[in-house]
Amino acid sequence: QKEVEQDPGPLSVPEGAIVSLNCTYSNSAFQYFMWYRQYSRKGPELLMYTYSSGNKEDGRFTAQVDKSSKYISLFIRDSQPSDSATYLCAMSRDNYGQNFVFGPGTRLSVLP
Amino acid sequence: GAVVSQHPSWVICKSGTSVKIECRSLDFQATTMFWYRQFPKQSLMLMATSNEGSKATYEQGVEKDKFLINHASLTLSTLTVTSAHPEDSSFYICSALPRTSGSVGELFFGEGSRLTVL
């Protein structure tokens, strides 16, 4: 079993839709949870960063962490064509980056 | 926001040659930088952790003599792919952790360098 699982997609939605992206993980030691957006042939860009369980909202983006279920989600409201990218979840056991594990990424296409 | 620059962004080389990729933190000092490799439609795989002034720490399965990492200053880390072969063709990405924060939430990524070995 991989440490972090993520549906690779591709996921296609119409503009304005609510998008739900999810990751599951097996290591209960993960404490820090991140979502990155990666455009084609570019480096990842941090979208959301959460510590432990709970919700965090930033504009059109909401991140949820459920440690009891080992499940994290990213919701995108009012999706735009510019949101079309690959979304990577990432997790870490510590706050120093050395034990960073990425999910395989979900390719999202928002159609105008 | 903080910027991490990688150079070159794209390089093509012949099999057997060596290629150096630079990773620079442009507006902050980074004690630690990380190097990743990403194959098409796959996620980033950590190759090594580069600490300024000391030897890099390589992940299991990554050949340290093949992928030479140097972190000579607080703003520059280099990855040299030695005697490159076609199977080394990949997208290499670095990230840098600001010295002042040390928080994984402030890990900044470079734009990546695409290596194609003929």
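Residues numbered from 1 in each chain as written. Chains lettered and ligands numbered in written order. Predicted model: local features only at pLDDT ≥ 70, side-chain atom pairs only at ≥ 80, totals over all residues. Heavy atoms only, no water.

Chemist: Sorry, what's going on with the side chain of B:Thr82 here?
Modeler: All names here are of chain B. Here Thr 82 lies in the loop between β8 (76-81) and β9 (90-98). Taking the relative accessible area as the measure of exposure, Thr 82 reaches 18% and is therefore buried. When sequence neighbours within four positions are dropped, the list of residues in contact with Thr 82 reads Thr 17, Ser 18, Asp 65, Lys 66 and Leu 68. (Helix = DSSP H or I, 4+ residues; strand = E, 2+ residues; numbered from the N terminus. Buried < 20%, exposed > 50% of the residue type's maximum accessible area, 1.4 Å probe, protein only. Contact = heavy atoms within 4.5 Å.)

Chemist: How should I be thinking about the sheet that holds strand β1 (residues 4-7) of chain B in this particular structure?
Modeler: Working definition: the strands of a sheet are paired by backbone hydrogen bonds and lie parallel or antiparallel to each other. All names here are of chain B. An order of β1-β3-β8-β7 is seen for the four strands of this open sheet, with the pairing classed as antiparallel. This sheet does not close on itself; its edge strands, each paired only once, are β1 and β7 (67-73). Averaged over all neighbouring strand pairs, the angle between strand axes comes to 15°, with direction disregarded. In this structure, β1 lies alongside strand β3 (residues 19-25), joined through four bridges in antiparallel fashion. Each bridged residue has a counterpart across the sheet, and for Val 4 the counterpart in β3 is Ser 25. (Pairing = 2+ DSSP bridges. Axes fitted to C-alpha atoms, helices over the stretch in contact; angles between N-to-C directions.)

Chemist: How should the interface of chain A and chain B be read in this particular structure?
Modeler: By convention, interface size is frequently given as the accessible area that disappears when the constituent parts associate. Of the residues lining the interface, 22 residues belong to chain A; the matching set on chain B comes to 22 residues. Together chain A and chain B conceal approximately 1,700 Å² of surface at their shared face, both sides included; 57% is due to carbon and sulfur atoms. The interface formed by chain A and chain B includes one salt bridge. In this structure, the salt-bridge partner of A:Lys42 is B:Glu111, at a minimum N-O distance of 3.4 Å. On the surface where chain A and chain B come into contact, there are four residue pairs in polar contact (both at pLDDT 80 or more). Breaking the side of chain A that touches chain B down by element, the ones donating at least two residues are β4 (32-38), β5 (45-51), β9 (85-92) and β10 (100-102) of chain A. When residues of the side of chain A that touches chain B are assigned to their parent elements, the largest contribution, four residues, is made by β4(A). Here the residues of the side of chain A that touches chain B are counted per class, giving 11 nonpolar, seven polar and four charged. (Buried area = accessible area lost by both parts, 1.4 Å probe. Salt bridge = Lys/Arg side-chain N within 4 Å of Asp/Glu carboxyl O. Polar contact = N/O pair within 3.5 Å; in protein donor to acceptor, adjacent residues only side chain to side chain. Nonpolar A, V, L, I, M, F, W, Y, C, P; charged D, E, K, R; others polar.)

Chemist: I tried to follow the pattern of salt bridges on my own but got confused; where do I start?
Modeler: Tallying each qualifying case throughout the model produces seven salt bridges over all chains. A salt bridge links A:Asp83 to A:Arg60; the shortest N-O distance between them is 2.8 Å. Linking A:Asp83 in the loop between β8 (71-76) and β9 with A:Arg60 in the loop between β6 (54-58) and β7 (61-66), this pair joins segments that are 23 residues apart in sequence. With a shortest N-O distance of 2.7 Å, B:Lys66 and B:Asp88 are connected by a salt bridge.

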